[in-house]
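A look at the structure
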Amino acid sequence: TWERLRDRRNTRRLGRFRVQNIQQPVELHQLVSRNEEGIWHTLSDHYEDALRHFESGEFRKASAILGEVLVEMPEDGPSLLLASRVVEAMLRDGKEFSPVWDLPGK
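Here is a short report on the structure shown in this document.

Basis of the calculations
Residue numbers restart at each chain and count upward from 1, following the sequence in its written direction. Residues qualify for local features only when their pLDDT is at least 70, as the model is predicted, and side-chain atom pairs are given and counted only at 80 or more; totals for whole chains, interfaces and linings, by contrast, use all residues. Only hydrogens and water are set aside; all other atoms, that is, all heavy atoms of the structure, feed into the side-chain values. Stacked, edge-to-face and tilted are the three classes for Phe, Tyr and Trp ring pairs, Trp counted by its six-membered ring, which pair at centre distances within 6.5 Å; planes under 30 degrees apart are stacked, over 60 edge-to-face, the rest tilted. Burial classes: relative accessible area under 20% of the type maximum marks a residue as buried, over 50% as exposed, and values in between as partly exposed (1.4 Å probe, protein chains only). Labels follow the DSSP assignment, with helices taken as runs of H or I lasting at least four residues and strands as runs of E lasting at least two, numbered in each case from the N terminus. Placement of a charge over a ring requires the Lys NZ or Arg CZ to be within 6 Å of the ring centre, with the centre-to-atom vector within 35 degrees of the ring normal. Take the residue count of a helix, subtract one, and multiply by 1.5 Å to get its expected span. In what follows, a contact means two residues having at least one pair of non-hydrogen atoms within 4.5 Å. For helices, the fitted axis covers only the stretch in contact; all axes are lines through C-alpha atoms, and the angles between them, taken along N-to-C directions, range from 0 to 180 degrees. The scheme is simple: roughly parallel for angles under 35 degrees, roughly antiparallel for over 145, roughly perpendicular for 65 to 115, oblique for anything else. Should the near helix be turned anticlockwise from the far one by less than a right angle, the crossing is left-handed, and should it be turned clockwise, the crossing is right-handed.

Let us now look at the packing of aromatic side chains. In total, this model carries four aromatic pairs according to the counting rule given. A centroid spacing of 6.1 Å and a plane angle of 55° characterise the contact between phenylalanine 54 and phenylalanine 59, whose relative ring orientation is tilted. Residue classification places phenylalanine 54 among the buried residues on the basis of a relative accessible area of 1%. Residue classification places phenylalanine 59 among the buried positions, given a relative accessible area of 11%. Considering the side-chain rings of phenylalanine 54 and phenylalanine 97, the 5.1 Å spacing of their centres and the 90° angle between planes classify their relative orientation as edge-to-face. Note that phenylalanine 54 is positioned in helix 2 (residues 40–55) and phenylalanine 97 in the loop between helix 4 (77–91) and strand 3 (101–102), a separation of 43 residues in sequence. An aromatic cluster is built from Phe54, Phe59 and Phe97, whose rings are joined through pairwise contacts. Here arginine 12 stacks its cationic end above the ring of tyrosine 47, 4.6 Å away from the centre of that ring.

Take helix 2 next. The end-to-end C-alpha distance of helix 2, which contains 16 residues, comes to 22 Å, matching closely the 22 Å that a straight helix rising 1.5 Å per residue would cover. Three or more residues of helix 2 are buried, namely Trp40, His41, Leu43, Ser44, Tyr47, Glu48, Ala50, Leu51, His53 and Phe54. Those residues of helix 2 hidden inside the fold are in contact with strand 1 (11–18), strand 2 (26–31), helix 3 (59–72), helix 4 and strand 3. Once helix 2 finishes, glycine 57 follows within two positions and takes phi at roughly 85°, a positive value.

With that settled, consider the packing of helix 2 against helix 3. Packed helix pairs are characterised by how far apart their axes lie and by the angle those axes make with each other. Interhelical geometry of helix 2 versus helix 3 gives an angle of 160° and a closest axis separation of 8 Å. As far as their axial angle goes, helix 3 and helix 2 are roughly antiparallel. The chirality of how helix 2 crosses helix 3 is left-handed. Of the residues in helix 3, those touching helix 2 at Leu43, His46, Tyr47, Asp49, Ala50, His53 and Phe54 are Phe59, Lys61, Ala62, Ile65, Leu66, Val69 and Glu72.

The following block contains the structure:
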């Protein structure tokens, strides 16, 4: 689905996830309706930038970017979740860090 929609700029990459009954992690993307666009594109670009830093273990950079995103969109669920994962990784000094998220269920 993402391959068909990626040029329309109404998606945001959320990260790589382990899902039940699929061996390899999959990339998940959020679809946004045209009614929600507004400043969303800029903020989604910042989110994806923070996600890239998180995935490469650059937690402080990811944290700084997410702080800015959450000032503009304090109730953005994906940003809040990513921020919590960044803080957790920082508290553990990157030990046992995996950029792949394990979903708790279906």
